[in-house]
Amino acid sequence: IYAVVVFIILIKKKNINHIVKSIVITMGGSDINDFTVKVIEALNGLDLPNIKKTVVIGPAFENIERFRTYKNFDFLYNISNMAEVMFHADIVIAGAGLTLYELACVGTPGIVLCQTNYQSLEARCFEREKVVLNLGQKENISAESIQSELKLLLNDYRKRQEMSISGKKII
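Residues numbered from 1 in each chain as written. Predicted model: local features only at pLDDT ≥ 70, side-chain atom pairs only at ≥ 80, totals over all residues. Heavy atoms only, no water.

1. Comments concerning the overall build of the protein chain
Part 1 of the argument: For the protein chain, the count of helices and strands is 7 helices and 6 strands.
Part 2 of the argument: If you list the helices and strands of the protein chain from N to C, you get α-β-α-β-β-α-β-α-β-α-β-α-α.
Part 3 of the argument: Taking 2.2 N^0.38 as the reference for a compact globule, 171 residues should give roughly 16 Å; the C-alpha atoms of the protein chain span a radius of gyration of 15 Å, in line with that estimate.
Part 4 of the argument: For the protein chain, the spread of C-alpha atoms along the three principal axes comes to 40 × 35 × 35 Å.
Part 5 of the argument: Split into buried and exposed, the 171 residues of the protein chain put 50% on the buried side.
Part 6 of the argument: A total accessible area of about 8,900 Å² is found for the protein chain, and carbon and sulfur atoms account for 53% of it.
Part 7 of the argument: For the protein chain, the separation between the mean place of its 20 positive charges and that of its 18 negative charges on side chains is 6 Å. (Helix = DSSP H or I, 4+ residues; strand = E, 2+ residues; numbered from the N terminus. Rg over C-alpha atoms; globule rule 2.2 N^0.38 Å. Buried < 20%, exposed > 50% of the residue type's maximum accessible area, 1.4 Å probe, protein only. Areas by Shrake-Rupley, 256 points an atom, 1.4 Å probe, with all protein chains shown as cover. Lys, Arg positive; Asp, Glu negative; His and termini not counted. Charge placed at Lys NZ, Arg CZ, Asp CG, Glu CD.)

Right under this line is the structure:
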């Protein structure tokens, strides 16, 4: 079923909104570097009252009760329709694993954070192809770097449009 949903979304045209209305945060099935909290706190440091913020929590996350303290976010747990969630988002902030391919497939602009060394090479390739913005590895990722890249995408409709088209093209 997942492959069918991805195929339908692949052939479906992605509409890039002029004004960002939704951001999805996902670090995959687990989050070994606790990037989810870092991204949530970075977004809390910005004034984004009219943007829906959704966090996808994977099945291998530890201590998910701590997320209940964040009030301005919607949380989805262990979902089976990730491609659909990504497709309907305006921007996705994600781990740089297989999510790189999902973002390209659905045509959603993304900001990626490398959870491991081996994710860096692919993330750099996807960035070079203008599919994502790559924040790099743990030592390079700060609230400021997340906010800076997010502000860039929030304010640059043409860049988001280019990223969407580039992702669909490489797939």
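2. Some thoughts on the side chain of Lys-53
Part 1 of the argument: Note on placement: Lys-53 falls in strand β2 (residues 52-57).
Part 2 of the argument: Within the buried set, Lys-53 has no salt-bridge partner at all; the shortest N-O distance to an opposite charge, 8.3 Å, is to Asp-47.
Part 3 of the argument: Separated by 3.1 Å, the side chain of Lys-53 and the backbone oxygen of Leu-48 make a polar contact. (Salt bridge = Lys/Arg side-chain N within 4 Å of Asp/Glu carboxyl O. Polar contact = N/O pair within 3.5 Å; in protein donor to acceptor, adjacent residues only side chain to side chain.)

3. A look at the sheet that holds strand β6 (residues 132-134)
Part 1 of the argument: With parallel pairing, 6 strands are arranged side by side in an open sheet as β3-β2-β1-β4-β5-β6. This sheet does not close on itself; its edge strands, each paired only once, are β3 (74-77) and β6. Ignoring which end each strand starts from, the neighbouring axes of this sheet average 20° apart.
Part 2 of the argument: Sheet topology note: the strand β5 (residues 110-113)/β6 ladder contains 3 bridges and is parallel. Considered in β6, the bridge of Gly-110 is made with Val-132. (Pairing = 2+ DSSP bridges. Axes fitted to C-alpha atoms, helices over the stretch in contact; angles between N-to-C directions.)

4. Thoughts on the environment of Asn-155
Part 1 of the argument: Following the sequence through the fold, Asn-155 ends up in the loop between α6 (143-154) and α7 (157-170).
Part 2 of the argument: A C-alpha to C-alpha distance of 9.0 Å links Asn-155 and His-18, two positions 137 residues apart in sequence.
Part 3 of the argument: Within polar-contact distance, the side chain of Asn-155 engages the backbone oxygen of Lys-151 at 3.0 Å.

5. Structural notes on unusual backbone geometry
Glycine aside, residues mostly have negative phi, and peptide bonds are mostly found in the trans state.
Part 1 of the argument: Residue Asn-63 is not a glycine yet carries a positive backbone phi of 55°.
Part 2 of the argument: With respect to the secondary-structure elements, Asn-63 resides in the loop between β2 and β3.
Part 3 of the argument: A relative accessible area of 48% means that Asn-63 is categorised as partly exposed.
Part 4 of the argument: Positive phi is not limited to glycine here, since Asn-78 has a value of about 45°.
Part 5 of the argument: With respect to the helices and strands, Asn-78 occurs in the loop between β3 and α3 (82-88).
Part 6 of the argument: Residue Asn-78 is classed as exposed on the basis of its relative accessible area of 51%.

6. Some details on helix α2 (residues 35-44)
Part 1 of the argument: Counting buried positions over the 10 residues of α2 gives 7, a clear majority of the element.
Part 2 of the argument: For α2, the set of buried residues is Phe-35, Thr-36, Val-37, Val-39, Ile-40, Ala-42 and Leu-43.
Part 3 of the argument: Contacts made by the buried residues of α2 are with β1 (22-26), β2, β3, β4 (91-95), β5 and α6. (Contact = heavy atoms within 4.5 Å.)

7. Quick word on the packing of helix α4 (residues 99-106) against α7
Part 1 of the argument: Running from N to C, α4 and α7 point in directions that differ by 105°, and their axes come no closer than 6 Å. The orientation of α4 with respect to α7, classified from their angle, is roughly perpendicular. Of the residues in α7, those touching α4 at Ala-104, Cys-105 and Val-106 are Gly-167, Lys-168 and Ile-170.
Part 2 of the argument: Each residue belonging to the contact of α4 with α7 can be placed in one class, and the counts come to 4 nonpolar, 1 polar and 1 charged. (Parallel < 35°, antiparallel > 145°, perpendicular 65-115°, else oblique. Nonpolar A, V, L, I, M, F, W, Y, C, P; charged D, E, K, R; others polar.)

Remember that the coordinates give geometry; whether it matters functionally is a separate question.
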